[in-house]
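One-letter residues, chain by chain:
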Amino acid sequence: MPSLSMEQRMLEINSIIENRAFDDDRLVYSFVLHLYSNQEIDECIGFVTAKLNAVKDEYRLYYHLWYVSLLYLRGFFDEAKTIFYSLPINDIPNNIKTFYMITLGFDALYRDFIVMETEHFVFHIHPNRYRNQNDIHHKITRRELGYEIVAKNFFGLSLERKIHYFLWDDESMKPYFSNSQTCSCYGVIQEGEYDRDWHESTHVYNYLYGIENPKSFILEGLAVLYDGKTSIVRLKYARAAYQSLRIAPHIKEWWLDPVAFRQTNSWIAYTTAGYFLFKLRSLYGKEKLLQLAKYQTFEDACRIYGDAEISKLISEVEEEISNLGTGNP
Ligand SMILES: [Zn+2]
């Protein structure tokens, strides 16, 4: 659960706006820091609407953007978009503008997207994707099943608001996103043609569950572990990647250093992280894995599982993976 009180959080955002610390997209993220429940968002909306008429002119735009974010989070997509377009667009810094228009979906390029709402998702589907009705139907059924298995059964969540899921045509996505992109705090997923199944939505659920100190190795490992594929399929990918690239696993280094993790071939780094968490879950169960989902540093893991257990498992998994690389059983 959130560690700051609502009042502290609103003051924090206030001070970001009034100290003009909004020359990067920290502003848009800070708007929604730790806002989980609809009740909290409503309180925040009350605070912002009261402020809107009283703030100095120079801050007004940013209070309006804050308001847009809150409406979006509350599920009022059209209202949020209308207010966004009533603002002096040219005064909004480009990166913040891009965030609202492209990532959250306000841009005119989404005009032809078909909107389909299900119990836990709002799908925005590119017309080219929409033509393949079987694929769309399959995808929607899978995402709802993923909600049941990952959000509800694993994380124990009940969502108060729907996740916005944008399904792109691959070519048209390229100028904006390299492949898939998730903005966990807004519950927004952008997905290209390559099917990530439950990977991206697991990031959103993990955020909603609560993360004190995110580490890429654990974040991505969990998303791989709960991506809806079987461990055998993942090991097959890992084997092929290790055999062709001849990279040795460096679990502790990838865990401590997110840059090293991201610079390693993703078939290798991601699958290894997923496999490591698979082993942790098999050996020590779901409750401890949930603690790790919240407290993700290497030190946290040593506290949760014990220093010796973590070191031993790292050596075992690295040895097992090295054998994959040489083709030994
Ligand atoms: Zn991911």
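### Here we look at the overall build of the protein
Next, step 1: Tallying secondary structure elements over the protein gives 18 helices and five strands in all.
Next, step 2: Taken over C-alpha atoms, the radius of gyration comes to 21 Å for the protein, in line with the 20 Å a tight globule of 329 residues would show.
Next, step 3: Projected onto its principal axes, the C-alpha coordinates of the protein cover approximately 70 × 50 × 35 Å.
Next, step 4: Looking at the protein residue by residue over its 329 residues, the buried ones come to 35%.
Next, step 5: Long-range contacts, defined as pairs at least 24 residues apart, comprise 65% of the intrachain contacts of the protein with a sequence gap of at least 6.

### Considerations on unusual backbone geometry
Next, step 1: Phi is positive for Asp-197, close to 50°, though the residue is something other than glycine.
Next, step 2: On the neighbour-count criterion, Asp-197 (17 C-beta atoms within 10 Å) is partly exposed.
Next, step 3: Although it is not a glycine, Arg-246 adopts a positive phi angle of roughly 55°.
Next, step 4: Mapped onto the elements, Arg-246 comes out in the loop between helix 12 (231-245) and helix 13 (251-256).

### So, the pairing of strand 1 (residues 114-117)
Next, step 1: As paired elements, strand 1 and strand 2 (residues 121-125) share four bridges and run antiparallel to each other. Each bridged residue has a counterpart across the sheet, and for Val-115 the counterpart in strand 2 is His-124.
Next, step 2: Joining the antiparallel neighbours strand 1 and strand 2 is a turn of three residues.

### Quick notes on the pairing of strand 3 (residues 163-167)
Next, step 1: Of all five residues that make up strand 3, five are buried, and the element is covered over most of its length.
Next, step 2: Sheet topology places strand 2 next to strand 3; five bridges connect them, and they run parallel. When the bridges of strand 3 are listed, His-124 appears paired with Phe-166.
Next, step 3: Two strands pair when backbone bridges link them, and strand 3 and strand 5 (residues 188-191) are joined in this way by four bridges, in the parallel orientation. The partner of Tyr-165 across the bridge, within strand 5, is Ile-189.

### What to know about the packing of helix 15 (residues 266-284) against helix 16 (residues 286-294)
Next, step 1: Contact geometry of helix 15 with helix 16 gives a least axis separation of 7 Å together with a crossing angle of 140°. Classified by the angle their axes make, helix 15 and helix 16 are oblique. Taking contact as the criterion, the partners of Leu-277, Leu-280, Arg-281 and Tyr-284 in helix 15 are, on helix 16, Lys-286, Lys-288 and Leu-289.
Next, step 2: Taken together, the residues that form the contact of helix 15 with helix 16 break down as four nonpolar, no polar and three charged.

### A look at the domain arrangement of the protein
Next, step 1: Along its sequence, the protein is organised into domain 1 (6-96), domain 2 (114-209) and domain 3 (216-326).
Next, step 2: Computed from C-alpha atoms alone, the centre-to-centre distance between domain 1 and domain 2 is 25 Å.
Next, step 3: With nine residues of domain 1 at the interface, the matching set in domain 2 holds six residues.
Next, step 4: In the side of domain 1 that touches domain 2, the residues fall into five nonpolar, three polar and one charged.

### Observations regarding helix 1 (residues 6-18)
Next, step 1: A rise of 1.5 Å per residue sets the reference length of helix 1, with its 13 residues, at 18 Å; its end C-alpha atoms lie 18 Å apart and thus fit the reference within 8%.
Next, step 2: At the C-terminal side of helix 1, Arg-20 shows a positive phi close to 55°.

The rules behind the values
- Residues numbered from 1 in each chain as written.
- Predicted model: local features only at pLDDT ≥ 70, side-chain atom pairs only at ≥ 80, totals over all residues.
- Helix = DSSP H or I, 4+ residues; strand = E, 2+ residues; numbered from the N terminus.
- Rg over C-alpha atoms; globule rule 2.2 N^0.38 Å.
- Buried ≥ 20, exposed ≤ 12 C-beta atoms within 10 Å, placed from the backbone.
- Contact = placed C-beta atoms within 7 Å.
- Pairing = 2+ DSSP bridges.
- Axes fitted to C-alpha atoms, helices over the stretch in contact; angles between N-to-C directions.
- Parallel < 35°, antiparallel > 145°, perpendicular 65-115°, else oblique.
- Nonpolar A, V, L, I, M, F, W, Y, C, P; charged D, E, K, R; others polar.
- Domains from an automatic or database assignment.
- Expected span 1.5 Å × (residues − 1).

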